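Letter by letter, the chains look like this.
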Amino acid sequence: DTAVSQTPKYLVTQMGNDKSIKCEQNLGHDTMYWYKQDSKKFLKIMFSYNNKELIINETVPNRFSPKSPDKAHLNLHINSLELGDSAVYFCASSQGSGPRNEQFFGPGTRLTVL
Amino acid sequence: AQSVTQLDSQVPVFEEAPVELRCNYSSSVSVYLFWYVQYPNQGLQLLLKYLSGSTLVESINGFEAEFNKSQTSFHLRKPSVHISDTAEYFCAVSEVIQGAQKLVFGQGTRLTINP
């Protein structure tokens, strides 16, 4: 009955590789997000999608390309991985994109770039 | 752009002792504030939120936070902590950017409960 799920949970890869992280929510929400949590636990939004449309892109390098095939899915593809991409990536969703909404977070994907 | 400061990166307390986790935000006309909790190796869960109305908000597991506009603070408190409260706590302010909600998080406070 997982509300927001992500796969894989762990991802270890070499510099220069391309990898994808998948996110699915079964809450019927229309807005989804990607966050990056660095080694100091600092959380920062990367992207926001509403009804499959990109709304927020927080100056993320264009090596990162989110894709939303439908409202329930928001995948994150990363090209040419760098050491600095090592982090925990969280997907989240909410109903609507107003400031009062609660966001529901997935369990996270720990990406390690060697 | 709004910002959030959590003054303590780590707070160790003994079980059954009271605790306060501090959070200050940058001032704005409309303020929507959240506390999220992250248990080890898990995602974030909403603990409580202030949207409007009563300045004191409570969670189901005994935490409370008070919105103080004059001090631009939203400190989180619990009168008696339990081992299971060990977690990372994040304060966040919500703003709207390009018609979308953006949560701006503080640096997090690691609460460690010692027996």
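Residues numbered from 1 in each chain as written. Chains lettered and ligands numbered in written order. Predicted model: local features only at pLDDT ≥ 70, side-chain atom pairs only at ≥ 80, totals over all residues. Heavy atoms only, no water.

### Here's the deal with the state of the cysteines
Residue and element names in this part refer to chain A. Taken as a whole and assessed by the stated rule, the structure comprises two disulfides over all chains. The disulfide partner of Cys-23 is Cys-91, and the S-S distance across this bridge is 1.9 Å. Between Cys-23 and Cys-91, the S-S torsion sits near -75°, and that sign places the bridge as left-handed. Highlighted residues: Cys-23 in strand 3 (residues 19–25) and Cys-91 in strand 9 (residues 87–94), separated in sequence by 68 residues. Across this residue pair, the class does not change: Cys-23 and Cys-91 are buried. (Disulfide = S-S within 2.5 Å. Helix = DSSP H or I, 4+ residues; strand = E, 2+ residues; numbered from the N terminus. Buried < 20%, exposed > 50% of the residue type's maximum accessible area, 1.4 Å probe, protein only.)

### A look at the interface of chain B and chain A
Contacts between the two partners involve 27 residues from chain B, matched on the other side by 25 residues from chain A. The contact between chain B and chain A buries some 2200 Å² in all, and 54% of this surface belongs to carbon and sulfur atoms. In terms of surface lost to chain A, no three residues of chain B exceed Leu44(B), Gln101(B) and Phe105(B), which account for 25% of the buried area on that side. As a salt-bridge pair, Lys102(B) and Glu58(A) come within 3.0 Å of each other at their nearest N and O atoms. (Contact = heavy atoms within 4.5 Å. Buried area = accessible area lost by both parts, 1.4 Å probe. Salt bridge = Lys/Arg side-chain N within 4 Å of Asp/Glu carboxyl O.)

### Some remarks on the environment of Lys40(A)
When you line up the elements, Lys40(A) lands in the loop between strand 4 (31–37) and strand 5 (43–50). Lys40(A) sits 47 residues away from Ala87(A) along the chain, and the two C-alpha atoms are 9.6 Å apart.

### Observations concerning the pattern of salt bridges
The final tally for this structure, using the stated rule, is eight salt bridges over all chains. A salt bridge links Asp8(B) to Arg22(B), with the nearest nitrogen and oxygen atoms 2.9 Å apart. Of this pair, Asp8(B) sits in the loop between strand 1 (4–5) and strand 2 (10–14) while Arg22(B) sits in the loop between strand 3 (19–21) and strand 4 (24–25), placing them 14 residues apart in sequence. Ionic contacts of the salt-bridge type, sharing partners, join the residues Arg63(A), Glu82(A) and Asp85(A) into one network.

### Overview of the nonpolar core
By size, the foremost hydrophobic cluster in this structure holds 29 residues, and its most contacted members are Trp35(B), Leu48(B), Phe74(B), Leu76(B) and Tyr89(B). Elements represented by at least two residues in this core include exactly strand 2, strand 3, strand 5 (32–38), strand 6 (44–50), strand 8 (64–68), strand 9 (73–78), strand 10 (87–97) and strand 12 (109–114) of chain B. Broken down by element, the residue count for this core peaks at four residues, all from strand 10 of chain B. Ranked by size, the runner-up nonpolar core spans 20 residues in total, among them Met46(A), Leu81(A), Ala87(A) and Leu111(A). (Core = buried A, V, L, I, M, F, W, Y, C linked by side-chain atoms within 4.5 Å.)

### Observations regarding the pairing of strand 8 of chain B
Residues and elements named next belong to chain B. Burial of strand 8 is one-sided: the residues Ala-65 and Phe-67 facing one way are buried, the residues Glu-64, Glu-66 and Asn-68 facing the other way are not. Pairing analysis gives three bridges linking strand 7 (residues 56–58) to strand 8, with the strands arranged antiparallel. Considered in strand 8, the bridge of Glu-58 is made with Glu-64. Between the antiparallel neighbours strand 7 and strand 8 lie five residues, among them Gly-62 with a positive phi of about 95°. Here strand 8 pairs with strand 9 via five bridges, running antiparallel. Looking across to strand 9, one finds that Phe-67 is bridged to Phe-74. Hairpin connection of strand 8 to strand 9: four residues between the antiparallel strands, including Thr-72 at a positive phi of 45°. (Pairing = 2+ DSSP bridges.)

### A short note on the side chain of Gln101(B)
By secondary structure assignment, the location of Gln101(B) is in strand 11 (residues 100–105). Polar contacts involving the side chain of Gln101(B) include one to the main-chain carbonyl oxygen of Asn101(A), which spans 2.9 Å. (Polar contact = N/O pair within 3.5 Å; in protein donor to acceptor, adjacent residues only side chain to side chain.)

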